[in-house]
Amino acid sequence: MPVTLSLSEARRLAIASQGFHTRPSNPSIAHVRKLAARLHAFQIDSVNVLVRAHYVPAFARLGRYRIEALDSLAYDKRELFEYWGHEACLMPISLYPLVRYRMHKHRDRTQEYMRSEEGGYMAKVYAEVAERGPITAGELSNPGERSGGWWSWWGSGNGKATLEHLYDCGLVAIAGRRGFERLYDITERVIPRAALDAPVPLREEAMKRLICLAATACGIGTFRDITGYFNIDGWRDRMPAGPRWTWPKTRGGRRAVPIVKRLVSELVEEKRLVPAHVEGWKDPAYLHPRARIPRSVEARGLVTPFDSLVWERSRIERLFGMKYTIEMYVPPPKRVYGYYVCPFLLGDTLVARCDLKADRARKTLMVQSAFLEPGQNARRVVLDLLDELRSMQAWLELDRIEVSERGDLAAILRRSMRCRG
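The sections below set out a description of the structure shown in this document. Only a predicted model underlies this, so the values are computations on that prediction, with no experimental measurement involved. (Residues numbered from 1 in each chain as written. Predicted model: local features only at pLDDT ≥ 70, side-chain atom pairs only at ≥ 80, totals over all residues. Heavy atoms only, no water.)

1. Structural notes on the side chain of Thr 349
Checked against the element boundaries, Thr 349 lands in strand 12 (residues 349-359). Excluding residues that lie within four positions of it along the chain, Thr 349 makes contacts with Arg 11, Ile 15, Phe 320, Phe 344 and Gln 376. (Helix = DSSP H or I, 4+ residues; strand = E, 2+ residues; numbered from the N terminus. Contact = heavy atoms within 4.5 Å.)

2. Quick notes on the environment of Gly 375
Tracing the chain through its elements places Gly 375 in the loop between strand 13 (364-372) and helix 14 (378-395). Distance from Gly 375 to Val 351, taken between C-alpha atoms, is 8.7 Å for residues 24 residues apart in sequence.

3. Points about the sheet that holds strand 11 (residues 341-347)
In spatial order, the strands read 10-11-12-13-14; together these five strands make up an open sheet with mixed pairing. Bordering the open sheet on either side are strand 10 (299-302) and strand 14 (400-403), each of which pairs with just one other strand. Recorded for the sheet is a direction-independent mean angle of 30° between the axes of neighbouring strands. As judged from the four bridges shared by strand 13 and strand 14, these two strands associate in the parallel manner. If you follow Leu 365 over to strand 14, its bridge partner there is Ile 401. (Pairing = 2+ DSSP bridges. Axes fitted to C-alpha atoms, helices over the stretch in contact; angles between N-to-C directions.)

4. Side note on the packing of aromatic side chains
Taken as a whole, this structure holds eight aromatic pairs when the rule is applied. Residues Phe 59 and Trp 395 carry aromatic rings whose centres are separated by 4.5 Å and whose planes lie at 10° to one another, so their mutual orientation is stacked. Remark: Trp 395 occurs in helix 14 and Phe 59 occurs in helix 3 (residues 56-62); sequence separation between them is 336 residues. With respect to class, Phe 59 is no different from Trp 395; both count as buried. Their ring planes at 75° and their centres at 5.4 Å tell us that Tyr 229 and Phe 230 sit as a pair that is edge-to-face. Here the two residues Tyr 229 and Phe 230 agree in accessibility, since each one is buried. (Phe/Tyr/Trp six-rings, centres within 6.5 Å; stacked < 30°, edge-to-face > 60°. Buried < 20%, exposed > 50% of the residue type's maximum accessible area, 1.4 Å probe, protein only.)

5. Remarks on helix 4 (residues 67-76)
Where helix 4 is concerned, the buried positions are Ala 69, Leu 70, Ser 72, Leu 73, Ala 74 and Tyr 75. For helix 4, the secondary structure elements touched by its buried residues are helix 2 (29-39), strand 2 (42-43), strand 3 (80-84), strand 4 (88-92) and strand 5 (172-178). Backbone geometry just after helix 4 places Arg 78 at a positive phi near 60°.

6. Looking at the sheet that holds strand 2
Strands sit in the order 2-4-3 across an open sheet of three strands; the sheet is antiparallel. Only two strands of the sheet have a single partner each, and these edge strands are strand 2 and strand 3. Bridge count between strand 3 and strand 4: five bridges; the pairing is antiparallel. Within strand 4, the position partnered with Glu 82 by the bridge is Leu 90. Seen against the sheet, helix 5 (residues 96-115) touches strand 3 and strand 4 and runs at an angle of roughly 30° to strand 3.

7. Digging into unusual backbone geometry
In the segment running from Gly 133 into Pro 134, the intervening peptide bond is cis, with an omega of 5°. Take Pro 134: it is sitting in the loop between helix 6 (120-132) and helix 7 (159-168). Even without glycine at this site, Asp 233 takes up a positive phi of about 65°. Tracing the backbone through its elements, the reader meets Asp 233 in the loop between helix 10 (223-228) and helix 11 (235-238). At Lys 363, a residue that is not glycine, the phi angle is positive and equals roughly 55°. Positionally, Lys 363 belongs in the loop between strand 12 and strand 13.

8. What about the packing of helix 9 (residues 203-218) against helix 12 (residues 260-269)?
Contact pair helix 9 / helix 12: the axes reach a minimum separation of 10 Å and the direction vectors enclose 70°. In terms of axis orientation, helix 9 runs roughly perpendicular to helix 12. Helix 9 and helix 12 meet at a crossing whose hand is right-handed. Counted together, Glu 204, Met 207, Lys 208, Ile 211 and Cys 212 of helix 9 and Val 260, Arg 262, Leu 263, Val 264, Glu 266 and Leu 267 of helix 12 form the full contact between these two elements. The residue inventory of the contact of helix 9 with helix 12, partitioned by class, reads seven nonpolar, no polar and four charged. (Parallel < 35°, antiparallel > 145°, perpendicular 65-115°, else oblique. Left-handed = near helix turned anticlockwise from the far one by under 90°. Nonpolar A, V, L, I, M, F, W, Y, C, P; charged D, E, K, R; others polar.)

Structural data, given as structure tokens:
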């Protein structure tokens, strides 16, 4: 018999499972480490209108931590590693054995390809990384020519595409970043020996374990929520083995048949997932057996479009009633809320949203729009929002906040700033 949750219970469980609670007075690297173990992934994205996306989840949950703490865990201590999780993510090194099934599907085909005449260029790239790494794609002695399209390397056989495929199949890893550019090195010099030697579960068991971890991070979620957290059985898991530019040109039969519905059913049978029903949800939901619903949550935080709390847009509408899209990909005249819109979490729900930008030249945190969610009280929301904006301003080492006139919350936010100085 499924467990039944009210919508309020589902919200509290989801927020608590995402690591929102009373913030520490002095966030340390230990707090960041613990948060990474709870969320399992910090999504990396190239957009830098505010600050790089993977830094913000820890700020939203911990407050003004030192960005260097996350960098240190990833690139000095090697407690986090870069790989494909939800998308490109920083993940705890404990997950390395669980994602190796994604690497191993390519390895035999790639090593065979590298021994062929056609794969000679890839073999040379790998040898150069082994000799000179860590290096960027642009530092290859023969980086090749860029192809056209949105990503200049996608689907081609140039240096960047070659390095990315070697990364996909686990032969190279990300040793660090220069600015935002990836530094590639052979895996054995990046991933700790203990992680490389750890037992690797069979593919389906690894997928199951990741689904269970996703359930703990979601708290409560539908099939789509818990399988999408790590994109289990998504296009990366089902695409053909080997480099993209060697795939058959025909459309039919290129991707494997999905198996994830069977895996979730088996997890329920194995009592590793508990079926649940949430008030107002059409689709069935799932809980981890150890999930516990908190009596209350006192959360406060601005979350970016790449925060794990809002990865699944339909989930945000189901939980909080917020219809949320990333409008940076929408033509400017058609944007409703703005370019880089961050929902504001207060208590147990999303109460507002702001379009934020860090103008580093003017050392200004720009609030380019501020909108109140339907049914929320502006006077209740605005003071907490202002405090959170000021905390973000200080964390980003900016001198002031500037609020535009756009949005139904903007005027009262500006007045509150003037009154509080």
